[in-house]
Amino acid sequence: MSRIKQPYIPPSEITSEHIWQSRRTWLKRAGAGAIALGATGVSGSAMLLHSSAALGGQEKGRLSGTPNSDYWLENKLTSEKDVTTYNNFYEFGTDKSAPSQYAQKLETRPWKIEIEGEVEKPSSFDIDDLLKLASIEERVYRLRCVEAWSMVIPWSGYSLSTLLSQVRPTSKAKYVQFVSDVQPENMPGLRSRIIDWPYVEALRIDEAMHPLVMLVFGVYGKLLPNQNGAPMRVAIPWKYGFKSGKSIVKIRLLEKLPETSWVKIAPREYGFYANVNPSVPHPRWSQATERRIGDGIFSPRVDTLMFNGYGEQVADLYSGMDLKRYY
Ligand SMILES: Nc1nc2c(c(=O)[nH]1)N[C@H]1C(S)=C(S)[C@@H](COP(=O)(O)O)O[C@H]1N2
Ligand SMILES: [Mo]
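Residues numbered from 1 in each chain as written. Chains lettered and ligands numbered in written order. Predicted model: local features only at pLDDT ≥ 70, side-chain atom pairs only at ≥ 80, totals over all residues. Heavy atoms only, no water.

Novice: Any details on the environment of Ser124? Residues and values, ideally.
Specialist: Note that Ser124 resides in strand 3 (residues 123-126). Taking the C-alpha atoms as reference points, Ser124 and Lys250, 126 residues apart in sequence, are found 9.0 Å from one another. Excluding anything up to four places from it in sequence, Ser124 contacts Lys112, Ile113 and Glu114. (Helix = DSSP H or I, 4+ residues; strand = E, 2+ residues; numbered from the N terminus. Contact = heavy atoms within 4.5 Å.)

As structure tokens, then:
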């Protein structure tokens, strides 16, 4: 695959990848240091060997990945604290703070992901096998919420297409639907009937096969915290955040356009495509700008970019379509 160009970033926002890069170096050093402390009298070179071995076998809770420079934004990252405490995950409540408060109860093991429908090989995967199916990459993506705020997040995982090719979609497979888990005992938000649970989202098959669509297992070099959709969610960076389902238990390949949660709730406000588009306002607010979530109370406002800045990679998927009609 040819190198994918970076989305345009205004010069004022470029902080270089040094922030995350230096953090990663720091993590490696911290790992090496811990080993040095535990093993007295190890020579420098032995210490290096030990530290790379420690990085190869994942430590508990960590999920290191190889940075993929084709998918690396140089925007300033949203802090790990904001990424993990300002969330939308209605199964735990509608407040931004509810998921980090209540998601500890989510049970993420054992965890199976069923793939069914229009595939030659319907399959059931254990999450720990999916973690080993392909090499884990680290990618920095923008996330633009329909509520006009955004974040820049370092995810760990690999392209959804890697998994889909394994189960071999048939020629009838036109759509891919993602079904999130329902755990009545553990999800206080289910009592609200805003959504007809489970949370479901979907993509057209060509969208789903685009390498930008990521199966995500980790964030900030660690396994996903429950509030971010543990143990596996998707990330679709050119679409509004609600398309990226969390805590997925089922993937269905379908011939007909399936129901999706937000279209069901308010079909005049949310469309199936939900491509980030500053020129199509939500009926109740503008989508032209966004608040970039940052530490403290002053979040800078920035212009929203068409396809969230990923137009060069994905615009072809929609050639000939009226994006004001198919919002
Ligand atoms: N199952 C499920 N997935 C979901 C949601 C949800 O409520 N339930 N919210 C969506 C919305 S609106 C957004 S903006 C993103 C937020 O992801 P984050 O909390 O990891 O930033 O998750 C999406 N995935
Ligand atoms: Mo959202």
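Picking up after the structure, the text goes on.
Novice: I'd like a description of the sheet that holds strand 7 (residues 200-204), backed by residues and values.
Specialist: The strand order across the open sheet formed by five strands is 3-2-11-6-7, and the pairing between neighbours is mixed. The sheet is open, and its two edges are formed by strand 3 and strand 7, each paired on a single side. Geometrically, the sheet is characterised by an average inter-axis angle of 15° between neighbouring strands, direction not taken into account. Where strand 6 (residues 175-180) meets strand 7, five bridges bridge the pair, whose relative direction is antiparallel. Each residue of the ladder has a partner; that of Phe178, found in strand 7, is Glu201. On the sheet, helix 6 (residues 160-167) packs against strand 2 (112-117), strand 3, strand 6 and strand 11 (248-254) and is oriented at approximately 60° with respect to strand 11. (Pairing = 2+ DSSP bridges. Axes fitted to C-alpha atoms, helices over the stretch in contact; angles between N-to-C directions.)

Novice: Describe in detail the pairing of strand 7, supporting the description with residues and values.
Specialist: Judged by how many residues are buried, strand 7 sits mostly within the fold: five of five residues are covered. Of the two faces of strand 7, both are covered, the one formed by Val200, Ala202 and Arg204 as well as the one formed by Glu201 and Leu203. (Buried < 20%, exposed > 50% of the residue type's maximum accessible area, 1.4 Å probe, protein only.)

Novice: Tell me about the packing of aromatic side chains, and please be specific about residues and values.
Specialist: Taken as a whole and assessed by the stated rule, the structure comprises 14 aromatic pairs. With a centroid separation of 5.5 Å and 75° between ring planes, the pair formed by Phe242 and Tyr270 is classed as edge-to-face. Of this pair, Phe242 sits in the loop between strand 10 (233-235) and strand 11 while Tyr270 sits in the loop between helix 8 (261-265) and strand 12 (289-292), placing them 28 residues apart in sequence. The exposure classification of Phe242 matches that of Tyr270, with both residues buried. (Phe/Tyr/Trp six-rings, centres within 6.5 Å; stacked < 30°, edge-to-face > 60°.)

Novice: Any details on helix 6? Residues and values, ideally.
Specialist: Those residues of helix 6 that sit buried are Leu160, Ser161, Leu163, Leu164 and Val167. In a view along the axis of helix 6, the buried residues occupy a sector of 160°, so they form one face of it. (Arc of directions from axis to C-beta.)

Novice: If you had to explain the site of ligand 1 to someone new, which residues and values would you point to?
Specialist: The environment of ligand 1 is made up of 16 residues, and the closest members are Asn87, Tyr90, Glu91, Ser244 and Lys246. Ser180 is positioned such that a nitrogen or oxygen atom in its side chain is 3.0 Å from a nitrogen atom of ligand 1. Here Arg233 contributes a side-chain N or O atom positioned 3.1 Å from an oxygen atom of ligand 1. Protein coverage of the free-state accessible area of ligand 1, which is 540 Å², stands at 98%. Taken together, the residues of the shell around ligand 1 sort by class into six nonpolar, seven polar and three charged. (Near = heavy atom within 4 Å. Polar contact = N/O pair within 3.5 Å; in protein donor to acceptor, adjacent residues only side chain to side chain. Areas by Shrake-Rupley, 256 points an atom, 1.4 Å probe, with all protein chains shown as cover. Nonpolar A, V, L, I, M, F, W, Y, C, P; charged D, E, K, R; others polar.)

Novice: An account of the pattern of salt bridges is needed here, citing residue identities and associated values.
Specialist: Under the definition given, this model contains 16 salt bridges. Notably, a salt bridge pairs Glu290 with Arg144, separated by 3.1 Å at the nearest N-O pair. Within this pair, whereas Glu290 is found in strand 12, its partner Arg144 is found in strand 4 (residues 137-144), the two being separated by 146 residues in sequence. Given the relative accessible area of 2%, Glu290 is considered buried. Several salt bridges converge on common partners, so that one network encompasses Glu116, Lys250 and Arg252. (Salt bridge = Lys/Arg side-chain N within 4 Å of Asp/Glu carboxyl O.)

Novice: Residues and numbers for the environment of Leu223, please.
Specialist: Along the polypeptide, Leu223 turns up in strand 9 (residues 222-223). In this structure Leu223 comes out as partly exposed when scored by relative accessible area, which is 34%. In this structure, the C-alpha to C-alpha distance between Leu223 and Ser64, residues 159 residues apart in sequence, is 8.8 Å. Dropping the residues within four chain positions of it, Leu223 is found in contact with Gly61, Arg62, Leu63, Leu131, Phe217 and Gly218.

Novice: Now, about the side chain of Lys96: what can you tell me, with residues and values included?
Specialist: Among the structural elements, Lys96 can be located in the loop between helix 3 (80-85) and helix 4 (98-102). Only 2.8 Å separates the side chain of Lys96 from the side chain of Asn88, close enough to count as a polar contact. Excluding anything up to four places from it in sequence, Lys96 contacts Thr85, Tyr86, Asn87, Asn88, Glu147 and Trp149.

These figures come from the coordinates and say nothing about function on their own.
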